[in-house]
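# Architecture at a glance
The primary structure of each chain is shown beneath.
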Amino acid sequence: QVQLAESGGGLVQPGGSLRLSCAASGSIDSILVMAWYRQAPGKQRELVATIISSSATNYADSGKGRFTISRDNAKNTVYLQMNRLKPEDTGVYYCYARGPTQGSGYWGQGTQVTVSS
């Protein structure tokens, strides 16, 4: 089992920045891929960014050029740096981790990000 604990969400104005953290514990050696997803009220959950064990990253178009996913292996933590935030970035951001098998994995409890004036 893997436990994921997100933090760093909050209320920011458009154009502001937030840094989300996801600390993993438990069977962390089984983790191959970690990712950030987000979900706005009434919307589908959508992928924001992924990072694999080699540190290769991928980004959804929504965050390209503004968001950066990174990991600190010593701390078993993944980060999502979000810059130039827009109101449409508002939602609950979830950390996700899985091993080499797609369709399985673990979810954090989510952290709320609100971008509003």
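Our structure is the block above this text.
All values reported here derive from a predicted model rather than from experimental measurement. (Residues numbered from 1 in each chain as written. Predicted model: local features only at pLDDT ≥ 70, side-chain atom pairs only at ≥ 80, totals over all residues. Heavy atoms only, no water.)

## Structural notes on the side chain of Glu6
Our working definition: Put simply, DSSP H or I for four residues or longer makes a helix, DSSP E for two residues or longer makes a strand, and each gets a number counted from the N terminus. Accessibility here uses a 1.4 Å probe with only protein chains present; expressed as a share of the type maximum, an area under 20% marks a residue as buried, one over 50% as exposed, and anything in between as partly exposed. All tallies of charge rest on Lys and Arg as positive and Asp and Glu as negative; His and the ends of each chain are not included. Throughout this description, the term salt bridge denotes a Lys or Arg side-chain nitrogen within 4 Å of a carboxyl oxygen of Asp or Glu. Residues adjacent in sequence count toward polar contacts only when both atoms are side-chain atoms; beyond that, a polar contact is any pair of N or O atoms within 3.5 Å, and within protein one must be able to donate a hydrogen and the other to accept it. Any pair of residues with heavy atoms lying within 4.5 Å of one another is described as a contacting pair.
Among the structural elements, Glu6 can be located in strand 1 (residues 2-7). Despite its burial, Glu6 remains without a salt bridge, the nearest opposite charge being carried by Arg45 at 9.6 Å. At 2.7 Å, the side chain of Glu6 and the backbone nitrogen of Cys95 are in polar contact. Side-chain polar atoms of Glu6 contact the backbone nitrogen of Gln109, separated by 2.9 Å. In contact with Glu6, not counting residues within four places along its chain, are Ser21, Cys22, Trp36, Tyr93, Tyr94, Cys95, Gly108, Gln109, Gly110 and Thr111.

## A short note on the layout of surface pockets
Spelled out, the test is: Cavities and pockets are defined on a 1 Å grid built over the protein atoms alone: a cavity is a set of grid points where a 1.4 Å probe fits but cannot escape, while a pocket is an open set with protein on both sides within 12 Å along at least five of seven lines, and lining residues are those with an atom within 4 Å of any such point. Grid points are joined across faces, edges and corners, and a volume is the space filled by probe spheres set on the points. Side-chain classes follow a simple rule in which Ala, Val, Leu, Ile, Met, Phe, Trp, Tyr, Cys and Pro form the nonpolar group, Asp, Glu, Lys and Arg form the charged group, and the remainder, Gly included, forms the polar group.
The volume enclosed by the largest pocket comes to roughly 200 Å³. Lining the largest pocket we find Ala24, Ile28, Asp29, Ile31, Met34, Ser53, Arg71, Asp72, Asn73, Asn76, Thr77 and Val78. Of the residues belonging to the lining of the largest pocket, the class tally is five nonpolar, four polar and three charged.

## Considering the packing of aromatic side chains
Put simply, the rule is: Any pair of Phe, Tyr and Trp rings, taking the six-membered ring for Trp, is counted once the centres come within 6.5 Å. Such a pair is stacked with planes under 30 degrees apart, edge-to-face with planes over 60 apart, and tilted for the rest. Geometrically, a lysine NZ or arginine CZ counts as sitting over a ring once it is within 6 Å of the ring centre and also within 35 degrees of the ring normal.
According to the stated counting rule, one finds four aromatic pairs in the structure shown. A centroid spacing of 6.0 Å and a plane angle of 80° characterise the contact between Tyr37 and Tyr96, whose relative ring orientation is edge-to-face. Of this pair, Tyr37 sits in strand 4 (residues 33-39) while Tyr96 sits in strand 9 (residues 91-98), and the two are 59 residues apart along the sequence. Given the relative accessible area of 11%, Tyr96 is considered buried. Aromatic side chains Tyr37 and Trp107 sit 5.0 Å apart centroid to centroid with 65° between the ring planes, which places their arrangement in the edge-to-face category. A residue pair is termed long-range when its members are at least 10 positions apart, and Tyr37 in strand 4 and Trp107 in strand 10 (residues 106-107) qualify at 70 residues. Put simply, the rings of Tyr37, Tyr94, Tyr96 and Trp107 pair up and form one aromatic cluster. Over the face of the ring belonging to Tyr79 we find Arg19, whose NZ or CZ atom lies 3.9 Å from the ring centre. The ring of Tyr94 has Arg45 lying over it, and the distance from NZ or CZ to the ring centre is 5.8 Å.

## Observations regarding the pattern of salt bridges
Applying the stated rule across the entire model yields four salt bridges. The closest approach of N and O atoms between Arg38 and Glu46, which form a salt bridge, is 2.6 Å. Residue Asp89 is joined to Arg38 by a salt bridge in which the shortest nitrogen-to-oxygen separation is 2.8 Å. Of the two residues, Asp89 sits in the loop between strand 8 (77-82) and strand 9 while Arg38 sits in strand 4, which places them 51 residues apart along the sequence. Each member of the pair, Asp89 as well as Arg38, carries the same accessibility label: buried. It is possible to trace a salt-bridge network through shared partners that takes in Arg38, Glu46, Arg66 and Asp89.

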